[in-house]
Amino acid sequence: MTPNVRCTVSKAGEPDIYGQYTMSDPVDALCAVVSLNIKSLKTSVRADSSASRGTAKETISESKLLFSTGVDVTIGDKVTLNGLDLEVSEIEMRYDVSGNYDHNEIGLIAWQSR
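Residues numbered from 1 in each chain as written. Predicted model: local features only at pLDDT ≥ 70, side-chain atom pairs only at ≥ 80, totals over all residues. Heavy atoms only, no water.

1. Focus: the packing of aromatic side chains
Argument step 1. Following the criterion strictly, the structure yields 1 aromatic pair and no others.
Argument step 2. Ring geometry for Tyr95 against Tyr101: centres 5.7 Å apart, planes inclined by 45°, an arrangement best described as tilted.
Argument step 3. With a relative accessible area of 36%, Tyr101 lands in the partly exposed category. (Phe/Tyr/Trp six-rings, centres within 6.5 Å; stacked < 30°, edge-to-face > 60°. Buried < 20%, exposed > 50% of the residue type's maximum accessible area, 1.4 Å probe, protein only.)

Okay, here's the thing in C-alpha cells:
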C-alpha cells in the first residue's frame, strides 16, 4: 500500500465548559483513497411527513481511506481531503499475507461541527 494523496488530520480534543470540542492543529499526512462517496439527499423535516412535504438537504458521506501504520488516527478525528471535512468513524487494522501489521483502513462520514 503506497499512500499518495495529501490530507490533514486534526485530533479530537476534550469539550470546553460550553460543550464545544477543540481540535488540535492539523497535521499533514499521506493516505490512499479507496472510496470517496459524498451525496446530498432530501430528507423529511418533520417526523409525521405532513402534507406540506417540507424537506431539507442532508450531506451523507461513506468513505474509506488507507493510512500507513505511522499515522496516528483515532475515532472522532477530523480528516480534511481536497477541501472535504470527514470524521473518522471506524478503524480496521490490516495485515499482509505474512501476518505483519501493514496499514489501517479508515471509515469516514461527513464531518458534523461539534
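2. As for the side chain of Ser10
Argument step 1. With respect to the element layout, Ser10 can be found in strand β1 (residues 5-10).
Argument step 2. Ignoring anything within four residues of it in the chain, the contact list for Ser10 reads Met23, Ser24, Asp25, Pro26, Asp77 and Lys78. (Helix = DSSP H or I, 4+ residues; strand = E, 2+ residues; numbered from the N terminus. Contact = heavy atoms within 4.5 Å.)

3. Remarks on the pattern of salt bridges
Argument step 1. In total, this model carries 7 salt bridges according to the counting rule given.
Argument step 2. Asp85 is paired through a salt bridge with Lys78; the nearest N and O atoms lie 3.9 Å apart.
Argument step 3. By relative accessible area, which is 33% here, Asp85 ends up partly exposed.
Argument step 4. Each of Lys64, Glu90, Glu92, Arg94 and Glu105 takes part in a single network of salt bridges with overlapping partners. (Salt bridge = Lys/Arg side-chain N within 4 Å of Asp/Glu carboxyl O.)

4. Brief notes about the confidence of the model for the chain
Argument step 1. For the chain, mean pLDDT is 86; residues scoring 70 or higher make up 82% of the total.
Argument step 2. Mean pLDDT across the elements of the chain ranges from a minimum in strand β5 (residues 55-68), with 81, to a maximum in β1, with 96. (pLDDT = per-residue confidence, 0-100.)

5. Examining the pairing of strand β2 (residues 12-15)
Two faces, one strand: in a regular strand the side chains alternate between the faces of the sheet.
Argument step 1. Sheet topology places β2 next to strand β3 (residues 21-23); 2 bridges connect them, and they run antiparallel. In the sheet register, Pro15 faces β3, and the bridge partner there is Tyr21.
Argument step 2. Count of turn residues in the β2/β3 antiparallel hairpin: 5 residues, of which Gly19 carries a positive phi of about 85°. (Pairing = 2+ DSSP bridges.)

6. What to know about the pairing of strand β6 (residues 78-81)
Argument step 1. The pairing of β1 with β6 spans 3 bridges and is classified as antiparallel. Looking at β6, one finds that Ser10 is bridged to Lys78.
Argument step 2. One ladder, built from 4 bridges, connects β6 with strand β7 (residues 84-95); its direction is antiparallel. Across the sheet, the residue bridging to Thr80 is Asp85, located in β7.
Argument step 3. Between the end of β6 and the start of β7, which pair antiparallel, lie 2 residues, with Asn82 showing a positive phi angle near 50°.

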